[in-house]
Every structure is written in structure tokens, then in C-alpha cells.
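Coordinates in review
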Amino acid sequence: MIFLVQDGRRVHVIERDLTEPDRIVGELLQPGGYLKLIELGLQDCVDKIDAQRVFGYALFKDGRRTRVSYPLEKFDSDVAGRSFHNGRFIQRMREKAASLSNVRLEQGTVTSLLEENGTIQGVQYKTKTGEVLKAYAPLTVVCDGCFSNLRRSLCSPQVEVPSCFVGLVLENCQLPFPNHGHVILADPSPILFYPISSTEIRCLVDVPGQKLPSIASGEMANYLKTVVAPQVPPELHDAFLTAIDKGHIRTMPNRSMPAAPHPTPGALLMGDAFNMRHPLTGGGMTVALSDIVVLRDLLKPLPNLNDAESLCKHLDSFYTLRKPVASTINTLAGALYKVFCSSSDQARNEMRQACFDYLSLGGVCSNGPVALLSGLNPRPLSLVLHFFAVAIYGVGRLLTPFPSPKRLWLGARLISGASSIIFPIIKAEGAMQMFFPTTVSSSPPQK
Ligand SMILES: Cc1cc2nc3c(=O)[nH]c(=O)nc-3n(C[C@H](O)[C@H](O)[C@H](O)COP(=O)(O)OP(=O)(O)OC[C@H]3O[C@@H](n4cnc5c(N)ncnc54)[C@H](O)[C@@H]3O)c2cc1C
């Protein structure tokens, strides 16, 4: 939005609640996302909020631990991930927007899009004082987040909720690897830790399915103490128990939704309203910021946006141009989540172990995947190559030193399991747009 102002346009932002959000989402910005902030001139929005630099990940499995660093050598020294209180970051961006003379930032709840002959003309909204107003604009950017009510007429939402995150804040403890995200390959599914300020550590516990133990009845605290705590690294164990006893337990559904837009004159979907992926890899803000850069570059040469039809045609290429970054991050998030969950299937568990060991090898085996995850080198082909390299590595270990028919069969199931994880995600993302963006002119993925 700030980039629109930089291009000399007027912007009207309608936000439901301008007070500082207090959420458990959007707390770790990948270095690729930080690079996008720099491109947008917004990097100072992570200053003065006690944001912590993040240099990579530490992985834990069955008592073993390994460190995977972001390949940052080729970048300026300030380029790294950043983790923070989401609300503080949002407020910094809002302050910046409000300081610009061409921006009108208003608190209000958008209730519907105004449509005339298939073109979106603007929105109807309710102000803080309850007044119902209409706002008109040549381009309406709809970005009302993961629970979007407004997306329905602009896309075909296919929302999946594979799990929920349960959030706690740990205090008075040190991460085993300071300034790193921590991923515990726990049973039944991963647990994350990362700093959100100089004194606080966010813990997100993944709980598969949509039904959570009740917080009110104490079932959740009991689940966290009996099932999760024994799998938490010893350095964090006591602080984890203290955080449960403090009782400030938050939850969020982990939603995933491939982008399936109906290009509509006068409107564009952005952010989680448009496209979501499992938050395991912390990729949501990086995709959203990358999309904003693509949109900025597309709109820049247009002196005015008043011809909705031709603007819509012009913006068609947005859906293809965003693909390399968005699809790589989305696919990796979905695939890694499936690989990192424990399973009753031995082949799946072999894949999980192979993934941990592959990343522990270092060199290209850790740099490649973490460059994909961090948004530093988002290439779909590289993703597929690493994914199958993990599977082949897993099979190779099964067959050495002595292949037996049983092990051969397990290896075949491992490869077929890996294929059944990644190919449906790629199909949903749109394989042609993902791998051959230059041959596909515009249209959204065909399903
Ligand atoms: C548990 C969890 C953890 C996550 N962790 C990370 C992470 O570490 N790193 C990362 O990059 N991503 C993470 N994500 C994803 C990330 O939070 C989202 O991708 C990102 O917040 C999307 O930004 P957005 O602006 O589209 O939506 P939001 O940040 O949700 O913003 C939507 C805004 O729209 C406003 N709004 C909603 N409806 C209306 C309306 N009708 N009228 C007016 N305003 C309205 C809301 O008040 C809100 O301010 C996580 C997601 C989850 C679920």
C-alpha cells in the first residue's frame, strides 16, 4: 500500500481494529521476507520492537540435535530472519502508513464488496461509531486475512485445516541455539520454539486435527504436561511447565489454501485471504511481501487504474509471476509438515528420519533446503530435487549394507509415499505455472 503512495496514488485503508494485535501468528519473518521489506523500503519496521535476528534452525529428534544455518554469506550483514511480537511489527507498519499524506487510515469493518456489472467498485463498511458508509476506488485490494469473509466472490476457497497450533510464551530461559528457530520432531507432530523478544520465547505445539483438548477444563494443560513436556529439550523444560501453569494458552487453526482466483475487474486478493500454507515453516509473511513486490512492479508503469477491464488483464500475469516464490514456500510447508509428523507407517517414519539425517549432512544438503524455506532461493525445481534426494537417501540407507526383499519393499513404499506427499501439493499449486511460468501466460491453476 505504501508503494502505491510512492507512485503518487491515493490510498484508503479500512482496518477493523487499529489497536495493537495480540496474536500468535506472523512472528518469524524469513530472511527472504526481510529482503522484500528492504525492496519496499520498510525494513525499519523491524527496528525498535526488540526484534531478534534469526540465523537458521536447530532440529531435534530422539535426543539428537543438528543446526541448519541460513546461507547468508552473500548478503549484507543485516540480512537475516527477524522474530518479534507480531502486533508490534503491525503497529510499526501502520504508523508508517499513517504518516503519509496520501493515505487515509480508518478504523472500520468492511461488510461487503460493491459490484456493478461484474466490476468491483469499492466496499461498504461500518465505521467505529456504527455508521454505514461506502468507499469507491478503481482498485480494491482485499486482504482481510485467514478468516476472510470477502474472498468468496473473488476465488474458489478450498481451505484445509490439517492441525492447530497451541501457543505459549516461555520466560527466563535460553534457547539451546540462541537466535535460531527450534523444530522438535515430536510425536505426534512438531513443536516449535523461537525468540519473540530479548526475554521471551514463543512455543507453538502442533496438534493434528481440528479438535483440541479443552483449555477451560484443564485437558489442554494436562496434554501439554504429559504428552508434550517430556519431548521438550531439557534446557526449556522447566520454563515450558511454568508457562503452562501461568495459563495464558492460545490456539489458532493452521489453514492451508492454494491460490485459486477468479480474476475480477476492480479487485485483487492478497495475503492469507488469497493463499495460505501450513505455518510450520513461517512462510506466510514472506509470500505476502513477495506478492506485494510483484504487484508494485506491475502497477508502476500504469499512470491510472481507471480502466478496470484492462487493469484486470494487465494484472493477470500477477498469478504467474508470483508462482516461483509462493509455490516453493507453499509446497515446502505442506510437504515438510507431512514428513515431520510421526506415523504408524514405517515407510513414513523412514522418510522422517532420512530428512533429519539429510539435513544433518550439512553443505548442499542443508543449504539447499534451508535456502528454499527461507525464501532466499525459492526455486520449485530445486525443491523437487531435494525432496527426492531425501527419499533416495532414505532408500539407499535401507538397502545398505545388505538389501533384503523386506527392505526393498520398504524402500519402494518410501518413494511412493514421498510422491504421494509432494505431487498432490504441486498439482494444487498448478504444475505448469510453477515449473514453466514463461510458457503459461496468465490464467490461474486449472484443477
Ligand atoms: C499459528 C500461526 C503461526 C504463524 N506464524 C507465522 C510466522 O512465524 N511467520 C510467517 O511469515 N507467517 C506466519 N503465519 C502466517 C501469517 O500470520 C500470515 O500469512 C499473515 O499474517 C498474513 O497477513 P494478512 O495481512 O493477509 O492477514 P492478517 O495478518 O490476518 O491481517 C488481516 C487484517 O484484516 C483485518 N480485517 C479482517 N476482516 C476485516 C474486515 N471485514 N474489515 C476490515 N478489516 C478486516 C484484520 O483486523 C487484520 O488486521 C502464521 C499463521 C498461523 C495460523
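Since the model is a prediction, treat every value here as computed from it, not as a measurement.

What about the UniProt feature "domain: Squalene epoxidase" (unreviewed entry) in the chain?
When the UniProt feature table is mapped to this numbering, "domain: Squalene epoxidase" (unreviewed entry) covers residues 137-409. For residues 137-409, the end-to-end C-alpha separation is 61 Å, with 44% helix and 16% strand making up the annotated structure.

Focus on helix α4 (residues 219-228)
Within α4 the residues assigned to the buried category are Met-220, Tyr-223, Leu-224 and Val-228. Mapping the buried residues of α4 onto a view down its axis gives an arc of 95°, with all of them on the same face. Each element contacted by the buried residues of α4 is listed here: β11 (160-171), β13 (191-195), β14 (200-208), α5 (234-246) and β15 (250-256).

Side note on the site of the ligand
If you check the shell around the ligand, you find 27 residues, and the closest are Glu-15, Arg-23, Leu-28, Asp-272 and Met-285. Arg-16 has a polar backbone atom sitting 3.1 Å from a nitrogen atom of the ligand. Within the side chain of Arg-23, a nitrogen or oxygen atom sits 2.8 Å from an oxygen atom of the ligand. Relative to its unbound accessible surface of 1000 Å², the ligand loses 86% to contact with the protein. Those elements that provide at least two residues to the shell around the ligand are β1 (11-15), β7 (103-116), β15 and α6 (284-299). When grouped by side-chain class, the residues that make up the shell around the ligand number eleven nonpolar, nine polar and seven charged. Mapping the shell around the ligand onto the domain boundaries places at least three of its residues in each of domain 1 (2-49 + 84-158 + 257-321) and domain 2 (160-255).

What about the side chain of Arg-92?
Along the chain, the position of Arg-92 falls in helix α3 (residues 86-98). If sequence neighbours within four positions are ignored, Arg-92 has contacts with Asp-44, Cys-45, Asp-47, Lys-48 and Ile-49.

Observations regarding the nonpolar core
Leu-299, Phe-318 and Phe-387 are the most contacted members of the largest nonpolar core, which totals 104 residues. It is helix α12 (residues 380-399) that provides the largest number of residues to this core, a total of eight residues. Not counting chain neighbours up to four residues away, the residues in contact with Phe-387 comprise Ala-335, Val-339, Met-351, Ala-418, Ile-421 and Ile-422. By size, the runner-up hydrophobic cluster in this structure holds 28 residues, among which are Ala-58, Leu-170, Ala-186 and Leu-236.

The rules we used
Residues numbered from 1 in each chain as written. Predicted model: local features only at pLDDT ≥ 70, side-chain atom pairs only at ≥ 80, totals over all residues. Heavy atoms only, no water. UniProt positions renumbered as here; feature names shortened; annotations may be inferred. Helix = DSSP H or I, 4+ residues; strand = E, 2+ residues; numbered from the N terminus. Buried < 20%, exposed > 50% of the residue type's maximum accessible area, 1.4 Å probe, protein only. Arc of directions from axis to C-beta. Contact = heavy atoms within 4.5 Å. Near = heavy atom within 4 Å. Polar contact = N/O pair within 3.5 Å; in protein donor to acceptor, adjacent residues only side chain to side chain. Areas by Shrake-Rupley, 256 points an atom, 1.4 Å probe, with all protein chains shown as cover. Nonpolar A, V, L, I, M, F, W, Y, C, P; charged D, E, K, R; others polar. Domains from an automatic or database assignment. Core = buried A, V, L, I, M, F, W, Y, C linked by side-chain atoms within 4.5 Å.

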